[in-house]
Amino acid sequence: MNGCVTQQPLKKVTQSGKPEGIYKNKTKESVKDVLIGYCNQNGMMVYDSNDSSVTCGKERTDAAGILVQAMIGNAHSTTPVQKILFTIGKQDKDVRVWADMWIETQMATGQINKAQLTNNNAKNAMQDTLDKLNP
């Protein structure tokens, strides 16, 4: 989702185009545990966790959430939830994490409307998070 906010330049260009973290000589389990800790420490709910991914999110009740609800929902849709899917992969002795981010709301009929968060500001914030994690 791209808004009217001025785009900052992308801090790190990755092959996937997503924010990525590489953790040397770590296990997937230790990285997964740190990601779950990150979610909980930031007031997010962990929706799913398995060997290769962690999905967490938080309701957006601020002005941005109201704007998103107007854009992808309506007066009868649920409060928007911003979600992050961390995909965890083992590469030789290292673990790599990719982050996908979106915001979603459920319509009164049950349909889920989603908007991907692909702007540089969102990517840079998540890249900073992945760069600072210490599994």
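These lines cover the structure that appears in this document, whether it is placed above or below. (Residues numbered from 1 in each chain as written. Predicted model: local features only at pLDDT ≥ 70, side-chain atom pairs only at ≥ 80, totals over all residues. Heavy atoms only, no water.)

Within this structure, the stated rule accounts for 1 aromatic pair. Centre to centre, the rings of Tyr38 and Phe86 are 6.2 Å apart; their planes meet at 85 degrees, and the pair counts as edge-to-face. Within this pair, whereas Tyr38 is found in helix H1 (residues 28-41), its partner Phe86 is found in strand E4 (residues 81-91), the two being separated by 48 residues in sequence. The same class applies to Tyr38 as to Phe86, namely buried. The ring of Tyr47 is capped by Lys83, whose NZ or CZ atom sits 4.2 Å from the centre of that ring. (Phe/Tyr/Trp six-rings, centres within 6.5 Å; stacked < 30°, edge-to-face > 60°. Helix = DSSP H or I, 4+ residues; strand = E, 2+ residues; numbered from the N terminus. Buried < 20%, exposed > 50% of the residue type's maximum accessible area, 1.4 Å probe, protein only. Lys NZ or Arg CZ within 6 Å of the ring centre and 35° of its normal.)

On to unusual backbone geometry, then. The backbone of Asn25 sits at a positive phi, close to 55 degrees, despite the residue not being glycine. Relative to the elements of secondary structure, Asn25 occurs in the loop between strand E1 (20-23) and H1. In this structure Asn25 comes out as exposed when scored by relative accessible area, which is 57%.

The subject of this paragraph is helix H3 (residues 120-132). Taking 1.5 Å as the rise per residue, H3 with 13 residues should run 18 Å; its terminal C-alpha atoms sit 18 Å apart, in good agreement. Of all the residues in H3, the buried ones are Asn120, Ala122, Lys123, Asn124, Met126, Gln127, Thr129 and Leu130. Lining the buried residues of H3 we find E1, H1, E4 and strand E5 (94-106). For H3, the capping residue at the N-terminal end is Asn119, with a side-chain oxygen 3.1 Å from the backbone nitrogen of Asn121. (Expected span 1.5 Å × (residues − 1). Contact = heavy atoms within 4.5 Å. Polar contact = N/O pair within 3.5 Å; in protein donor to acceptor, adjacent residues only side chain to side chain.)

Another aspect to go through is the nonpolar core. Counting 20 residues, the largest nonpolar core has Leu35, Phe86, Val97, Met126 and Leu130 as the members making the most contacts within it. Beyond its immediate chain neighbours, meaning those up to four positions away, Val97 contacts Pro19, Glu20, Gly21, Tyr23, Val31, Leu35, Phe86, Thr87, Ile88 and Leu130. (Core = buried A, V, L, I, M, F, W, Y, C linked by side-chain atoms within 4.5 Å.)

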